[in-house]
Amino acid sequence: MTGNDGLIDRLALELVPVRPGAVAGRLALGALVGAVVSLTAVTALLGLRPDFLRAVLGPMFWIKLGYTAALAGVGLWAADRLARPTGRAARRLRLVAVPIAAMAILAAARLMDAPNVERRVLVMGASARACPWLILASAVPVYIGLCWAIRGLAPTRLRAAGFAAGLCAGGTGAFVYALHCPEAAAPFIALWYTLGVLLAGAAGALAGPVTLRWTDPPQRMKPPSAHG
Amino acid sequence: MIASLGGDASAYRLVLTDLQRRLRPYFLRRLAPGSAEADDLVQETLIAIHRRRDTYDISQPVTAWVHGIARYKLIDHFRRLKRQPTSPLDDAPELAAPDQSAAAEARRDVERALSHLPQKTQDLIRAVKLEEASHADAARRAGISEGAARVALHRGLKALSERIRGVR
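Let me begin by describing the structure that accompanies this report. Everything quoted here is computed from the prediction, not taken from an experiment.

## Examining the nonpolar core
Counting 85 residues, the largest nonpolar core has Tyr193 of chain A together with Leu23 and Phe27 of chain B as its most contacted members. When residues of this core are assigned to their parent elements, the largest contribution, 10 residues, is made by helix α9 (residues 158-178) of chain A. Aside from chain neighbours lying at most four places away, what touches Leu23 of chain B is Val42, Thr45, Leu46, Ile49, Val66 and Ala70 of chain B. Counting 13 residues, the second largest nonpolar core, distinct from the first, contains Leu114, Val128, Ala139 and Leu160 of chain B.

## Structural notes on the pattern of salt bridges
Close approach of charged atoms allows side chains of opposite charge to pair. In the structure shown here, the tally under the stated rule is 14 salt bridges over all chains. Asp39 of chain B is paired through a salt bridge with Arg24 of chain B; the nearest N and O atoms lie 2.8 Å apart. In this pair, Asp39 of chain B is assigned in helix α3 (residues 38-51) and Arg24 of chain B in helix α2 (residues 9-30), connecting sequence segments 15 residues apart. By relative accessible area, which is 36% here, Asp39 of chain B ends up partly exposed. Glu146 of chain B serves as the salt-bridge partner of Arg150 of chain B, at 3.0 Å between the closest nitrogen and oxygen. Taken together, the positions of Arg150 of chain B and Glu146 of chain B, both in helix α8 (residues 146-167) and four residues apart, correspond to about one turn of that helix. Residue Arg150 of chain B is classed as partly exposed on the basis of its relative accessible area of 43%. Each member of the salt-bridge network shares a partner with another, and the members are Arg213 and Asp216 of chain A together with Glu44, Arg51, Arg52, Lys73, Asp76, Arg79 and Arg80 of chain B.

## Examining the packing of aromatic side chains
Inspection of the entire model under this criterion finds seven aromatic pairs over all chains. Ring geometry for Phe188 of chain A versus Tyr193 of chain A: centroids 6.5 Å apart, planes at 70 degrees, classification edge-to-face. Judged by relative accessible area, Phe188 of chain A falls into the buried class, the value being 0%. Ring geometry for Trp214 of chain A and Tyr72 of chain B: centres 4.1 Å apart, planes at 0 degrees, overall stacked. In this pair, Trp214 of chain A is assigned in the segment after α10 (186-211) and Tyr72 of chain B in helix α4 (residues 62-82), connecting two distinct chains. Neither Trp214 of chain A nor Tyr72 of chain B differs from the other in exposure class; each is buried. These aromatic residues form a ring-pair network of at least three members: Phe52, Phe61 and Trp62 of chain A. Geometry around Trp148 of chain A places Arg26 of chain A over its ring, the cationic atom sitting 4.3 Å from the centre. We note Arg30 of chain B situated over the ring of Tyr26 of chain B; from NZ or CZ to the ring centre the distance is 4.0 Å.

## Structural notes on the environment of Pro115 of chain A
Structurally, the position occupied by Pro115 of chain A is in the loop between α6 (97-113) and α7 (116-124). A relative accessible area of 43% places Pro115 of chain A in the partly exposed class.

Scoring rules and cut-offs
- Residues numbered from 1 in each chain as written.
- Chains lettered and ligands numbered in written order.
- Predicted model: local features only at pLDDT ≥ 70, side-chain atom pairs only at ≥ 80, totals over all residues.
- Heavy atoms only, no water.
- Core = buried A, V, L, I, M, F, W, Y, C linked by side-chain atoms within 4.5 Å.
- Buried < 20%, exposed > 50% of the residue type's maximum accessible area, 1.4 Å probe, protein only.
- Helix = DSSP H or I, 4+ residues; strand = E, 2+ residues; numbered from the N terminus.
- Contact = heavy atoms within 4.5 Å.
- Salt bridge = Lys/Arg side-chain N within 4 Å of Asp/Glu carboxyl O.
- Phe/Tyr/Trp six-rings, centres within 6.5 Å; stacked < 30°, edge-to-face > 60°.
- Lys NZ or Arg CZ within 6 Å of the ring centre and 35° of its normal.

Right, here's the structure in full:
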């Protein structure tokens, strides 16, 4: 019964006040480091879009960034819950429907405006085949960063947490990829970007039980370095 | 617990000691009889609570948070035993049963806090919040008007929540 008194004494000794917002800060750090890696890889391997300087003047460039940032934000917000024991975030995750619906409406309006012959191009662009996969690839470093962050916290619903991390990583990856991708049609974004991000979410959920497992090996002797 | 998060070491020691006392039976009840692992699990859980204390959300009950960690450790332990390191946590219905103990522990917490309130307020809260009787019903049982019952109930709940927070 009292076998752990020494442990308790030691833990109490190394008590450091918890910073408010520690969970969100850790998640943001993981995502940010991943995003920097992803950005470096995308600019080095794929390059910025050739018309970058002209594109920043048009609205579609910013709509793409806003859309992908919104998807990433929802994922991060849900992960802030799911990285805690018993955390549930169904309501937060459901919010992902808002940016997706907004983008779908924009896409539908654009399609209805267009003459019949142009519609196929608006949806397929020139890179539909590659787009979701490249977004998925861009998401990988961010997912790894988030997994590092979440494993240091205490998720208990690993699938759901994996989905949230995947969604955030997908949104961030798509954000980075948008700096390379010259596609500017709303229907293209609504279909292929969304697909890429959701693919990342699904992959994250699938991998979650493995990538997000955490342990605390008993260590009586060694003074552990308390994280956070 | 909240004082502990702020860095109050003696409050923290009390919390950990109390948790240890509750965690041991929690694990003993759920492990195979004669299993020697309960102490290891208690220790692992205490370390997890300590290292991951920044995941405690002040707006949530401490009991739920601790139970979440303890349950994760227990499932992790079972999984190691089964040597099925990849079987998903969410798909293990046979492990879902321990969840009821959370309710039991929480109920005990609430009952303990309730016992400090005046008898009449206790009855009101039990009737309305635990048995889900209507305000009118509860008022009739207590022999007071519905308005008075609402006021008493509101004050009682406030005192209750203050007590639960204060106890931590």
